[in-house]
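Given next are the chains, with one letter for each unit.
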Amino acid sequence: MTAREIVQRGLYFEEFEVDARYLHRPGRTATEADNVLFTTLTMNTQALHLDAAFAETQEFGARLMNSMWTLSTMVGSSVAQLTQGTLVAQLGLGDISFPHPLFAGDTLYTESVVTAVRPSSSRPAQGIVTIQHTGRNQHGTVVATATRTVLVHRRPIEEES
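This section reports on the structure supplied with the text.

About the cut-offs
- Residues numbered from 1 in each chain as written.
- Predicted model: local features only at pLDDT ≥ 70, side-chain atom pairs only at ≥ 80, totals over all residues.
- Heavy atoms only, no water.
- Pairing = 2+ DSSP bridges.
- Helix = DSSP H or I, 4+ residues; strand = E, 2+ residues; numbered from the N terminus.
- Patch = residues over 30% accessible without salt bridge, like charges linked within 9 Å, V, L, I, M, F, W, Y side chains within 5 Å.
- Areas by Shrake-Rupley, 256 points an atom, 1.4 Å probe, with all protein chains shown as cover.
- Salt bridge = Lys/Arg side-chain N within 4 Å of Asp/Glu carboxyl O.
- Buried < 20%, exposed > 50% of the residue type's maximum accessible area, 1.4 Å probe, protein only.
- Polar contact = N/O pair within 3.5 Å; in protein donor to acceptor, adjacent residues only side chain to side chain.
- Core = buried A, V, L, I, M, F, W, Y, C linked by side-chain atoms within 4.5 Å.
- Contact = heavy atoms within 4.5 Å.
- Arc of directions from axis to C-beta.

Some words on the pairing of strand S3 (residues 107-119)
For a regular strand, side chains alternate in direction, first toward one face of the sheet and then toward the other.
Item 1. Sheet topology places strand S1 (residues 21-29) next to S3; six bridges connect them, and they run antiparallel. The partner of Thr29 across the bridge, within S3, is Thr107.
Item 2. Two strands pair when backbone bridges link them, and S3 and strand S4 (residues 126-136) are joined in this way by ten bridges, in the antiparallel orientation. Its bridge partner being in S4, Arg118 is matched across the sheet by Ile128.
Item 3. Counting the residues that bridge the hairpin from S3 to S4 gives six residues.

Have a look at this one:
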């Protein structure tokens, strides 16, 4: 007897539930290397990310993690659970905020809430899902939020039961 194969994937359109909260684990501990590499790869010369001596003289007293790293990591942590292999396209990001800084050594934990689902009017085999992502540090403090709208595949006919 052959064992059943299970492929890790995200959710098909029909599997998304409005108001469902997905907790993405494990968290991701931010490092100095993450900050410097991401900041330099994206040509962001902001001294708050690169210059420890300067950052020590500023309001938070230390280098801040690049907020775009925080956003990217927050969205990325949701992929395996929500959109891996079922995403057609990311349609947009909005309502992005960073209410509290994230520092190297902090751990980012992300949760996502599905806020809307609707079939695509122009692509019958796909649907549009709106997701509210929230990133918190290890103390539970919200460090980032963003709303993401994605186009995802509907469940293939051969998989319907």
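From this point, things continue past the structure.
Section: a nonpolar patch on the surface
Item 1. Side chains of Met68, Leu93, Ile96 and Phe98 sit close together on the surface and give an oily, nonpolar patch of about 320 Å² of accessible area.
Item 2. Along the chain, Met68 turns up in helix H4 (residues 67-76).

A short note on H4
Item 1. Those residues of H4 lying buried are Trp69, Thr70, Leu71, Thr73, Met74 and Val75.
Item 2. Here H4 starts with a cap whose side-chain oxygen sits 2.8 Å from the backbone nitrogen of Met68, and that cap is Asn66.

Brief notes about the nonpolar core
Item 1. If you look at the biggest cluster of nonpolar residues, it comprises twelve residues: Ala30, Phe38, Met65, Trp69, Leu71, Met74, Val75, Leu102, Leu108, Val143, Ala144 and Ala146.
Item 2. Every element with two or more residues in this core is listed here: H4 and strand S5 (142-153).
Item 3. Of all the elements, H4 adds the most residues to this core, at four residues.
Item 4. Val143 has contacts with Thr70, Ser97, Phe98, Pro99, His100, Pro101, Leu102, Leu108, Gly135, Arg136 and Asn137, leaving out every residue within four places of it along the chain.
Item 5. Counting residues in each nonpolar core, the second largest holds eleven residues, with Leu11, Leu82, Val129 and Ile131 among its members.

Considerations on helix H1 (residues 32-41)
Item 1. Turning to H1, its buried residues number three or more, namely Asp34, Asn35, Phe38 and Thr39. On an axial view of H1, the arc spanned by its buried residues comes to 110°, and they lie on one face. Seen from the buried face of H1, the exposed residues on the opposite side, beyond 90 degrees, are Ala33, Leu37 and Leu41.
Item 2. Close packing links the buried residues of H1 with S1, helix H2 (47-50) and H4.
Item 3. Met43 sits one or two residues past H1 and shows a positive phi near 60°.

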